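# Observations on chain architecture
Below, each chain spelled out in residue letters.
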Amino acid sequence: AEKQKKRGRLAVAYKNNGITYKDLGRYTESKNFYQKALAEFEKSDYKVGIASVNNGLGTISHLLGDDKAALNYYEKAMLTFRSIKDTASESGILTNIGEVYNDNKEYAKALECYLKSSNVAEHYKNNSFRSDAYEGLAKVYANLKNYERAFYFKNRYLALKDSITDEEGMRRVKEMEKGLVNE
């Protein structure tokens, strides 16, 4: 049991390093850490970790220009999330897949992914994923020169993003107020 905990902490550390290197634009180092994290999560058969890291590897592969690998990693992530009945996470992966298709000018496939993502996010009331899907839809419609639809989804994205920011701000204010009352 203790060995399992250590393996889990090591996998999370590797994953966090992968995220940090991705944010720094050091994609090769990021991929290496994600692969180490994946190996550790697989040893312990921790499905959420496996799915999450496959999603991260999909993003890194896309950033490195290997879209075939990106789609493969996203598919693995999707299947793993489904195997543990975590269908809410599909929304984020569908958005990522939509981005690959949009960047490759496969607009019909991109639209399909973003619309599915939006529907899943709406079903699970996940405004963050829904706003990402709206942003993707705005980009695709702009690429298709359908500026009316692009404008519509960009406005929905911005309104939802503002509401998420407002909700988070209100939550923080309430926490601070609680702290002051308890002092």
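Residues numbered from 1 in each chain as written. Predicted model: local features only at pLDDT ≥ 70, side-chain atom pairs only at ≥ 80, totals over all residues. Heavy atoms only, no water.

Along the backbone of the protein chain there are eight helices and zero strands. Counting from the amino terminus, the protein chain carries its helices and strands in the arrangement α-α-α-α-α-α-α-α. Residues counted as buried form 37% of the 183 residues belonging to the protein chain. Looking at the protein chain alone, contacts between residues at least 24 apart form 48% of all its contacts between residues at least 6 apart. Accessible surface for the protein chain amounts to roughly 10,900 Å². Of this, 52% is attributable to carbon and sulfur atoms. (Helix = DSSP H or I, 4+ residues; strand = E, 2+ residues; numbered from the N terminus. Buried < 20%, exposed > 50% of the residue type's maximum accessible area, 1.4 Å probe, protein only. Contact = heavy atoms within 4.5 Å. Areas by Shrake-Rupley, 256 points an atom, 1.4 Å probe, with all protein chains shown as cover.)

By secondary structure assignment, the location of E90 is in helix α5 (residues 90–103). A polar side-chain atom of E90 sits 2.9 Å from a polar atom in the side chain of R82. Ignoring anything within four residues of it in the chain, the contact list for E90 reads M78 and R82. (Polar contact = N/O pair within 3.5 Å; in protein donor to acceptor, adjacent residues only side chain to side chain.)

Next up on the list: the pattern of salt bridges. Within this structure, the stated rule accounts for nine salt bridges. A network of salt bridges, in which partner residues are shared, links R7, E40 and K43. (Salt bridge = Lys/Arg side-chain N within 4 Å of Asp/Glu carboxyl O.)

Helix α7 (residues 127–143) packs onto α5 with a crossing angle of 15° between their chain directions and a minimal axis gap of 9 Å. With respect to α7, the axis of α5 lies roughly parallel. The handedness of the crossing between α5 and α7 comes out as left-handed. Contacts from S91, G92, T95 and N102 in α5 reach F129, D132, A133, K139, V140 and N143 in α7. (Axes fitted to C-alpha atoms, helices over the stretch in contact; angles between N-to-C directions. Parallel < 35°, antiparallel > 145°, perpendicular 65-115°, else oblique. Left-handed = near helix turned anticlockwise from the far one by under 90°.)

With that settled, the discussion passes to the side chain of T80. Along the chain, T80 falls in helix α4 (residues 67–83). Judged by relative accessible area, which is 13%, T80 ranks as buried.

Right, let's talk about a nonpolar patch on the surface for a bit. A cluster of nonpolar side chains, Y46, V48 and I84, forms an exposed patch at the surface whose accessible area comes to about 240 Å². Structurally, the position occupied by I84 is in the loop between α4 and α5. Given the relative accessible area of 32%, I84 is considered partly exposed. (Patch = residues over 30% accessible without salt bridge, like charges linked within 9 Å, V, L, I, M, F, W, Y side chains within 5 Å.)

Now for the nonpolar core. As a rule of thumb, nonpolar side chains are buried together in soluble globular proteins. If you look at the biggest cluster of nonpolar residues, it comprises 26 residues, and the most contacted ones within it are I93, I97 and L137. The set of elements that each furnish at least two residues to this core consists of α4, α5, α6 (107–123), α7 and α8 (147–181). For this core, the element with the highest residue contribution is α6, accounting for six residues. Excluding its chain neighbours within four sequence positions, the residues that come into contact with I93 are N55, Y74, A77, M78 and F81. Residues A11, A37, I50 and I60 belong to the second largest nonpolar core, which totals 13 residues. (Core = buried A, V, L, I, M, F, W, Y, C linked by side-chain atoms within 4.5 Å.)

Take the packing of aromatic side chains next. Throughout the structure, instances matching the rule amount to six aromatic pairs. Relative to F33, the ring of Y21 has its centre 5.5 Å away and its plane inclined at 10°; by these criteria the two rings are stacked. Placement of the pair is Y21 in helix α1 (residues 2–23) and F33 in helix α2 (residues 27–43), with a sequence separation of 12 residues. (Phe/Tyr/Trp six-rings, centres within 6.5 Å; stacked < 30°, edge-to-face > 60°.)

It is worth spelling out α1 at this point. When the terminal C-alpha atoms of α1 are compared, their 32 Å separation across 22 residues agrees well with the 32 Å that a helix rising 1.5 Å per residue should span. For α1, the complete set of buried residues consists of R7, A11, Y14 and G18. Along the long axis of α1, the arc covered by the buried residues comes to 65°, so they all point the same way. Along α1, the residues that are exposed and aim more than 90 degrees away from the buried face are K5, K6 and D23. Against the buried residues of α1 lie α2. G25 sits one or two residues past α1 and shows a positive phi near 80°. (Expected span 1.5 Å × (residues − 1). Arc of directions from axis to C-beta.)

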